[in-house]
Amino acid sequence: MAVVDLDDLRDRLGRWAADTFGSEWSVSDVEAMPGHAGLSFGFSLLGGDREVRERLVTRMPPKGVRRRGNTDVLRQVPLLQALHRHGTPVARVRYWSDDERWFDVPFFMVERLPGTTYNVRDPGPLFAGVEPAVIFTQAVDALAGAHLLDAERELAGWEAPRLLLDEIAFWEPILAKAAQPEWVTMGERTRDLLLSHLPSDPTVGVFHGDFQTNNILFDDARLMAVVDWEISGVGAQLLDLGWLLMMNDPDSWADGAPLASVPPFEMLVERYSEGVGRSVTLDEVAFYRALSGYRFGAISGLNVMLHRTGKRPDIEWERIARSVPLLFGRAADLLEGAG
């Protein structure tokens, strides 16, 4: 993430507030928000009486990058609006513009909701005494609701569906940059197994792309919003459920012991099946769990390389590096029927 001067951003937000609402309006409490692919900042919008009118989060792309995918922030606006209209818990979009006079880039702003995300390995004191089943059933219910959105009608012209073949191919050049050659070999074997086990007729619609409890806000154990829709799209929806299960599969992670507290996957798949109103089985989701392992294995291999070469230092990837062989191995086992 690019470094942003918060004092400069405060001035820019202040100019936006004054231009939008009146010269006496201003902002306060500007701070960087964690965990987003783009640039996200929280702030308070103050009226002329200096009273807080709204608490907002603004999201914008880094300057000087091509605006596509997760850096094309305005593509999220119609999706979030459609999800909100249909009752999916997301932060409500309040303001947006492609006018670059304030921030030199397009932006959108959503309401800032209370709550925190849920880290399965270390939930923290805010979730003391909360059963993981309470968290995961709410998460699956929200996912099922999002998947019921009629993308063809609600997001006409948004973007073409991504085929599973294209999804698999997308990660090949990323896999090739992995820090260790043996990871590339393992990933290529998993890729070949994925290609030989392609589902014939996947259910296509809106998907989140990174659906996990670290991307869901909970307040007093009540789900408030699914956040971080930067890599959402239209495609095979079971990728979201497969991603959730992969992220919480003890056999996919070197530090997976705490994940044993997660509710049985059969229960989560059944809950999802009830939510979308069609039969989905754990065997059907196995392909998407494997695809998720392949995706995150490729992502991890690249980021470990960037960390070790000093291009993008982040010690967290060294911890994740121990899991790369497990991610690819578990994916292969699922495809071969061993999982």
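The rules we used
Numbers given for residues are sequential positions, taken from 1 along each chain in its written order. Per-residue local features of the predicted model are confined to residues with pLDDT of at least 70, and side-chain atom pairs are confined, for both listing and counting, to 80 or more; whole-chain, interface and lining totals are unaffected and use all residues. Calculation of side-chain values draws on the structure's entire complement of heavy atoms; hydrogens and water are dropped beforehand. For helices the rule is a DSSP run of H or I covering at least 4 residues; for strands it is a run of E covering at least 2, with both sets numbered from the N terminus onward. A 1.4 Å probe rolled over the protein chains alone gives each residue an accessible area, and that area as a share of the maximum for its type sets the label: buried under 20%, exposed over 50%, partly exposed in between. N or O atoms within 3.5 Å of each other form a polar contact, as long as, within protein, one can give a hydrogen and the other can take it, and as long as residues adjacent in sequence are counted only when both atoms are side-chain atoms. In what follows, a contact means two residues having at least one pair of non-hydrogen atoms within 4.5 Å. A pair of strands is considered paired only if DSSP assigns at least 2 bridges between the two. Inter-axis angles, ranging from 0 to 180 degrees, are taken between N-to-C directions of lines fitted to C-alpha atoms, where helices are fitted over the stretch in contact. To estimate how far a helix should reach, multiply one less than its number of residues by 1.5 Å.

Participant: Account for the side chain of Ser44, naming residues and giving values.
Facilitator: By secondary structure assignment, the location of Ser44 is in strand β2 (residues 39–46). Overall, the relative accessible area of 2% leaves Ser44 in the buried class. At a separation of 2.8 Å, a polar atom in the side chain of Ser44 contacts the side chain of Arg55. Not counting residues up to four positions away in its chain, the partners in contact with Ser44 are Ser26, Val27, Ser28, Asp29, Val52, Glu54 and Arg55.

Participant: Any chance you could break down unusual backbone geometry for me, citing the residues and the numbers?
Facilitator: In the Ramachandran plot, Asp104 falls in the positive-phi region, its phi being about 70° despite a non-glycine side chain. The residue Asp104 is located in the loop between β4 (93–97) and β5 (107–111) in this model. The phi dihedral of Asp228 falls on the positive side, at around 60°, and the residue is not glycine. Note that Asp228 resides in the loop between β8 (222–226) and β9 (233–236).

Participant: Explain the environment of Gly293 to me, and be specific about the residues and the numbers.
Facilitator: Relative to the helices and strands, Gly293 is located in helix α10 (residues 282–308). The class of Gly293 is buried, set by a relative accessible area of 2%. For the pair Gly293 and Met247, spaced 46 residues apart in the sequence, the C-alpha separation amounts to 8.4 Å. Sequence-distant contacts of Gly293, that is, excluding residues within four places in its chain, are made with Met246, Leu327 and Phe328.

Participant: Got a sec to walk through the sheet that holds β5? Specific residues and values, please.
Facilitator: Reading across the sheet, the 5 strands line up as β1-β2-β3-β5-β4 and stay open at both edges, with antiparallel pairing between neighbours. This sheet does not close on itself; its edge strands, each paired only once, are β1 (26–32) and β4. The average undirected angle you get between the axes of adjacent strands in this sheet is 25°. Relative to β5, strand β3 (residues 52–60) is paired through 4 bridges, and the arrangement is antiparallel. Along β5, the bridge assignment pairs Val57 with Val110. In this fold helix α2 (residues 76–85) packs onto β3, β4 and β5, with an angle of close to 160° to the strand it touches most, β4.

Participant: Quick one: what's the story with α10, residue by residue and with numbers?
Facilitator: With 27 residues, α10 extends 37 Å from end C-alpha to end C-alpha; this agrees with the ideal 39 Å at 1.5 Å per step. With respect to burial, α10 is a largely interior element, 22 of its 27 residues being buried. Phi turns positive one or two residues past the end of α10, at Gly310, with a value near 80°.

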